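Each chain, letter by letter, is given below.
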Amino acid sequence: MIKQSSAGIYSWLPLGFKVMKKIEKIVREEQNKIGAQEILMPTIQSSEIWKESGRYDDYGDEMLRIKDRQDREMLYGPTNEELVTDIFRSSIKSYKSLPQLLYHIQWKFRDEVRPRFGIMRCREFYMKDAYSFDLNDDEAVFSYNKFFLSYLKTFKRLELTAIPMAADTGPIGGNLSHEFIILADTGESKIFTDKRIFDLDSEGSIIEKKSLENLRKKYERFYSVTDEKFDKEEFEKEVDKENRLITKGIEVGHIFYFGDKYSKALNAAVDLPDGKKDYVKMGSYGIGVSRLVGAIIEAKYDDKKEIMKWPLSIAPYELAIIPMINKNDTSTLEKASKILKHLENNNIDTIIDDTDENLSSKIKKFNLIGVPNQIIIGKKSEGDTIEFKEIGKDTQNLTIEQIIKILTEQKANN
């Protein structure tokens, strides 16, 4: 799915790239639903706006600094607060144009001192970062809560239980922040939480101030923090012993509210009704699109059975046709091709394994690739019925019409 190019930098091969683009599509759809508008900012930025904000020297060695042929200081963007604020200040002059919710999905670079865990902690990564611009704190928190809801819905569509946890803001700054963490034994983050938070759901939430405020408060009622904010005394006081959970997790999203930290530094102000000017209030909101590929594998892979099953919405293919191929008999491959046409006519994304490996090796390979459904054309596939298997379930002998019905229902329920 990927191939390492150099330390912490990867090429995305056909299967991995397909999964990542499907994740990107879901992320984009959920951003659009809350009224965020997509833009595209460059990977290379001028150092001038970073010097203006005061972060050029503060950011440290993670920032890759370069010079162009005119000896101008440039950098490969690790994040985009400065650049998006520069876009805003040159475009928006009046409070009447607020709020503004802007996002893009773009490559980032942070020169990690020790890249590890493959695409989970790498140097170059594909990320959705969004930015909100509001008139005052009240409106800004409303925007923050919109993204809070959007993230819950995004991860639910990816079949992940991502828990929002109070977190440090780090170099981004600000005083309100949540990390979205999925449970995984291989995770880098140590988490302390109340088990009852897993019973909560965002269903029924609407994009309205009170509803979104209540949603966030519903989650914040339960103690849930990363190790940076952990307080043992507070944890034991707030959470009954039977509900305490100390485990590891993977961060898949992070949201921040930082007020006028950047708008003041970069002079991003709007005209008010009384003729005065005021600095806009800002937040930023990140989802690691490429990181999610690795995180979902960690969450979904069954180590004991050596089986991976992608959620249908992001699987590289919905179904794999695995024929037993004999060099002297092409009938199974011909049968697979006819089945493929049926499936494609019903908009089912399908791949045929036409390699000359033995059948058991092919099945094992596709169990690892994680395509959620398989049609196996072997000795038992005679007449009108064929072997159909959903990964993790028993094999069934079904007609192609029955298989299409099952797959269509899977998509409808997804």
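As shown above, the structure is provided for reference.
Below is a summary of the structure that appears in this document. Values in this document were obtained by computation on a predicted structure and should not be read as measured data. (Residues numbered from 1 in each chain as written. Predicted model: local features only at pLDDT ≥ 70, side-chain atom pairs only at ≥ 80, totals over all residues. Heavy atoms only, no water.)

1. Things to note about the nonpolar core
A general feature of soluble globular proteins is that nonpolar side chains tend to end up buried together. Applicable threshold: Buried residues of nine kinds, namely Ala, Val, Leu, Ile, Met, Phe, Trp, Tyr and Cys, make up a nonpolar core once their side-chain atoms join them within 4.5 Å. Relative accessibility thresholds used throughout: buried, under 20% of the residue-type maximum; exposed, over 50%; partly exposed, between the two (1.4 Å probe, protein chains only). A run of H or I in DSSP becomes a helix once it reaches four residues, and a run of E becomes a strand once it reaches two; helices and strands are each numbered from the N terminus.
Residues Ile-23, Phe-155, Leu-158, Phe-180 and Val-252 are the most contacted members of the largest nonpolar core, which totals 60 residues. For this core, the leading source of residues is helix H5 (residues 137-157), giving 9 residues. Listed in part, the 23 residues of the second largest apolar core include Trp-50, Leu-75, Phe-133 and Val-270.

2. Some details on the packing of aromatic side chains
Stated precisely, the cut-off is as follows: Paired rings are identified among Phe, Tyr and Trp, the last through its six-membered ring, by centres lying within 6.5 Å, and are further divided according to the angle between planes into stacked (under 30 degrees), edge-to-face (over 60) and tilted (the rest).
Taken as a whole and assessed by the stated rule, the structure comprises 16 aromatic pairs. Relative to Tyr-285, the ring of Phe-147 lies with its centre 3.8 Å away and its plane at 10 degrees, an arrangement referred to as stacked. Taken together, the residues Phe-147 in helix H5 and Tyr-285 in strand S16 (residues 281-288) connect sequence positions 138 residues apart. Grouping residues by exposure puts Phe-147 and Tyr-285 together as buried. Clustering of aromatic rings is evident, with ring pairs tying together Phe-148, Tyr-151, Phe-155, Phe-180 and Tyr-219.

3. Let's talk about the layout of surface pockets
Applied cut-off: The distinction between a cavity and a pocket rests on a 1 Å grid over the protein atoms alone: a 1.4 Å probe fits inside a cavity but cannot get out, while a pocket stays open yet meets protein on both sides within 12 Å along at least five of seven lines, and a residue with an atom within 4 Å of a point counts as lining. Grid points are joined across faces, edges and corners, and a volume is the space filled by probe spheres set on the points. Residue polarity follows a fixed list, in which Ala, Val, Leu, Ile, Met, Phe, Trp, Tyr, Cys and Pro are nonpolar, Asp, Glu, Lys and Arg are charged, and the others, Gly among them, are polar.
Of the volumes computed, that of the largest pocket is approximately 1000 Å³. When contributions to the lining of the largest pocket are tallied by element, the ones reaching two or more residues are strand S8 (124-134), strand S13 (244-259), S16 and helix H9 (289-300). Among the elements that make up the lining of the second largest pocket, the one with the highest residue count is H9 (4 residues). The residue inventory of the lining of the second largest pocket, partitioned by class, reads 7 nonpolar, 2 polar and 5 charged.

4. Some remarks on the sheet that holds strand S4 (residues 44-46)
Rule in force here: Strands are labelled as partners when DSSP assigns at least two bridges between them. Only the stretch in contact is used when fitting a helix axis, every axis being a line fitted to C-alpha atoms; angles between N-to-C directions are given from 0 to 180 degrees.
Pairing in this open sheet of 3 strands is antiparallel, and the strands run S4-S6-S5 from one edge to the other. Either end of the sheet is taken by a strand with one partner, and the two such strands are S4 and strand S5 (64-67). Across the sheet, the axes of successive neighbouring strands diverge by a mean angle of 40 degrees, strand direction being ignored. Relative to strand S6 (residues 73-76), S5 runs antiparallel, the two being bridged by 4 bridges.

5. Section: empty space enclosed by the protein
The final tally for this structure, using the stated rule, is 1 cavity of 30 Å³ or more. Each pocket or cavity is described by its volume, and for the largest cavity that value is around 40 Å³. Considering the residues around the largest cavity, the lining is formed by Tyr-10, Trp-12, Trp-107, Ile-119, Cys-122, Glu-124, Phe-125 and Ser-290. Going through the elements one at a time, strand S2 (9-12) and S8 are the ones with two or more residues in the lining of the largest cavity.

6. Observations concerning a negative patch on the surface
For the record, the criterion: The patches reported here contain residues having more than 30% relative accessible area and no salt bridge. Joining distances are 9 Å for like charges and 5 Å for nonpolar side chains (Val, Leu, Ile, Met, Phe, Trp, Tyr). Only the protein chains shown count as cover for residues, and the accessible areas themselves come from Shrake-Rupley with a 1.4 Å probe. Counted as salt bridges are all cases of a side-chain nitrogen of Lys or Arg within 4 Å of a carboxyl oxygen of Asp or Glu. Lys and Arg are tallied as positive, Asp and Glu as negative. Neither His nor the chain termini are counted. To locate a charge, take atom NZ for lysine, CZ for arginine, CG for aspartate or CD for glutamate.
On the surface, Asp-231, Glu-233, Glu-234, Glu-236 and Glu-238 cluster together into a patch of negative charge. Assignment of secondary structure puts Glu-238 in helix H7 (residues 232-238).

7. Section: the packing of H5 against helix H6 (residues 209-220)
Just so we agree on the cut-off: In this scheme, a crossing is called left-handed if the near helix is turned counterclockwise away from the far one by less than a right angle; it is called right-handed if the turn is clockwise. Any two residues having at least one pair of non-hydrogen atoms within 4.5 Å are treated as being in contact.
Running from N to C, H5 and H6 cross one another at 65 degrees; their axes reach a closest spacing of 9 Å. Like other packed secondary-structure pairs, H5 and H6 cross with a definite hand, here left-handed. Contacts from Asp-138, Glu-139, Val-141, Phe-142, Tyr-144, Asn-145, Lys-146, Phe-148, Leu-149 and Leu-152 of H5 reach H6 at Lys-209, Leu-212, Glu-213, Leu-215, Arg-216 and Tyr-219.

8. Regarding the sheet that holds strand S19 (residues 373-377)
Strand order in the open sheet formed by 5 strands is S18-S17-S19-S20-S21, with mixed pairing between adjacent strands. The open sheet is flanked by strand S18 (350-352) and strand S21 (396-398), the only strands paired with a single partner. Strand-to-strand twist of the sheet, defined as the mean angle between neighbouring strand axes without regard to direction, takes the value 30 degrees. By the bridge criterion, 4 bridges tie S19 to strand S20 (residues 386-390) in an arrangement that is antiparallel. For Ile-376, the partnering residue across the bridge sits in S20 and is Glu-387. Packed onto the sheet, helix H10 (residues 331-345) meets strand S17 (319-323), S18, S19 and S20 and runs at close to 165 degrees relative to S17. Across the sheet, helix H11 (residues 359-369) lies against S17, S18 and S19, angled at about 165 degrees from S17, the strand it touches most.

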